[in-house]
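# Coordinate analysis (summary)
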Amino acid sequence: MAEQATKRWQETLYDLLREAGVSIFCYVPDAGHKYLIEKSVSDPEVLSVPLTTEQEGVALAAGAHLGGAKAVLLMQSSGAGNCINMLSLIQNGRFPFLTIVSMRGDFGESNPWQMPMGQAVEPTLSAMGVKCMRVERPEELATVVNAALSMSFQGEIPVAVILSQQIG
C-alpha cells in the first residue's frame, strides 16, 4: 500500500512537470528520484541527461532556457553543495531554475554522514538566492510544485522543491 502511495505522488510530480512544458530532466543517479529518472528515460518526448555532478545540471538549465526549453535538475540533498559556485550563473544571468531535491539528513535519518549537508541544504541554497519550498506530505505536492513552476518559469527566479524524507 505504501508503495502505491509513493508511486502516486511521483506520477503526479512527473505529470506536473510535463504539463508545465519541462522537456529536459537532468540528474545524478539517485534512489529518491528513481521513478522520475526512469520515466524521463522512457518518455520519447523528453531529453533525459545523466550528469557526473549536480553543478552540470545548473549550467544545463541555463542553456536550456537560452534554447527555449525548460529543464529540471533532480538531485539528492548531498549534491546541493556541489552547485553553490555554479548558482552564481543563475543569479547573474537571471535564468529561471528549478530543482527537485530529495532529502537525506532529514526526518528519521540513520546515516550520520548525511546529516551535515542535510542540515545545510536550505540555508545554503537560500544564501545563493534560491527560494526553497518544502513538501512534507504527498497531499502538499501539487500545490507546492505548481507554485514552484510558476515562480521559476514565469517569475524567472531560482526555486528548489525540497522533498522531505517524510513524503515516503
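All residue numbers here refer to positions counted from 1 along the written sequence of the relevant chain. Only residues with pLDDT of 70 or above have their local features reported here, since the model is predicted, and side-chain atom pairs are shown and tallied only from 80 upward, although totals for entire chains, interfaces and linings are computed over all residues. As a rule here, side-chain values cover all heavy atoms of the structure and leave hydrogens and water aside.

### Digging into the pairing of strand S6 (residues 158-163)
Buried means the residue's accessible area, taken with a 1.4 Å probe over protein chains only, is under 20% of the maximum for its type, while exposed means over 50%, and partly exposed covers the values in between. Secondary structure elements are defined from DSSP: runs of H or I of at least 4 residues count as helices, runs of E of at least 2 residues count as strands, and each element is numbered from the N terminus. Along S6, six of the six residues are buried, which leaves the element largely enclosed by surrounding structure. What you see with S6 is no split at all: Pro-158, Ala-160 and Ile-162 on one side and Val-159, Val-161 and Leu-163 on the other are buried throughout. At least two bridges found by DSSP between two strands is the condition for calling them paired. Note: strand S4 (residues 97-102) against S6, six bridges, orientation parallel. Within the sheet, the bridge partner assigned to Thr-99 lies in S6 and is Ala-160. Pairing of strand S5 (residues 131-135) with S6 involves five bridges; the strand directions are parallel. Its bridge partner lying in S6, Cys-132 is registered against Ala-160.

### Considering the pattern of salt bridges
Side chains carrying opposite charge are able to pair once their charged atoms draw close together. For this document, the term salt bridge refers to a Lys or Arg side-chain nitrogen within 4 Å of an Asp or Glu carboxyl oxygen. In total, this model carries eight salt bridges according to the counting rule given. Measuring nitrogen to oxygen at the nearest pair gives 2.9 Å for the salt bridge that ties Arg-137 to Glu-139. What makes Arg-137 partly exposed here is its relative accessible area of 44%. Its relative accessible area of 57% is what places Glu-139 among the exposed residues. Note that Arg-137 is salt-bridged to Glu-140, the shortest N-O span being 3.1 Å. Within the structure, one salt-bridge network assembled from shared partners comprises Asp-106, Glu-122, Arg-134 and Glu-136.

### Quick notes on the packing of aromatic side chains
How two aromatic rings sit relative to each other is given by the distance of their centres and the angle of their planes. Note on ring pairs: Phe, Tyr and Trp rings are taken, using the six-membered ring of Trp, and paired if centres are within 6.5 Å. Classes follow the plane angle, with under 30 degrees stacked, over 60 edge-to-face and the rest tilted. For the structure shown, the criterion picks out one aromatic pair. Between Tyr-14 and Phe-25, the aromatic rings sit 5.0 Å apart at their centres with planes inclined by 20 degrees, giving stacked as the arrangement. Linking Tyr-14 in helix H1 (residues 2-19) with Phe-25 in strand S1 (residues 22-27), this pair joins segments that are 11 residues apart in sequence. For the pair shown, Tyr-14 and Phe-25 are each scored as buried.

### Observations concerning helix H6 (residues 141-154)
The terminal C-alpha atoms of H6, which comprises 14 residues, lie 19 Å apart, in line with the 20 Å expected from a rise of 1.5 Å per residue. Of all the residues in H6, the buried ones are Leu-141, Val-144, Val-145, Ala-148, Leu-149, Ser-152 and Phe-153. Along H6, the residues classed as buried sweep out an arc of 135 degrees about the axis, all on the same side. Seen from the open side of H6, the exposed residues pointing more than 90 degrees away from its buried face are Thr-143 and Gln-154. Following H6 by one or two positions, Glu-156 has its phi on the positive side, about 55 degrees. An expected span of 1.5 Å times one less than the residue number is assigned to each helix. Picture the helix axis, draw a direction to every C-beta atom, and the arc is the one those directions span.

### A closer look at the layout of surface pockets
Lining residues are those with an atom within 4 Å of a point, where the points come from a 1 Å grid over the protein atoms alone and group into cavities, where a 1.4 Å probe fits but cannot get out, or pockets, open sets with protein on both sides within 12 Å along at least five of seven lines. Grid points are joined across faces, edges and corners, and a volume is the space filled by probe spheres set on the points. One number sums up the size of the largest pocket: a volume of about 220 Å³. Taken together, 15 residues line the largest pocket, and the ones lying closest to its centre are Gly-32, Ser-102, Met-103, Gln-165 and Gly-168. It is H1 that contributes the most residues to the lining of the largest pocket, three residues altogether. Any residue that is not Ala, Val, Leu, Ile, Met, Phe, Trp, Tyr, Cys, Pro, Asp, Glu, Lys or Arg is counted as polar, Gly included; the first ten are nonpolar and the last four charged. Grouping the constituent residues of the lining of the largest pocket by class yields five nonpolar, eight polar and two charged.

### Quick notes on the environment of Ala-61
Tracing the backbone shows Ala-61 in helix H3 (residues 54-66). In this structure Ala-61 comes out as buried when scored by relative accessible area, which is 4%. Between the C-alpha atoms of Ala-61 and Met-133, which are 72 residues apart in sequence, the distance is 19 Å. Any two residues having at least one pair of non-hydrogen atoms within 4.5 Å are treated as being in contact. Those residues in contact with Ala-61 that lie beyond four places of it in its chain are Ala-71 and Phe-97.

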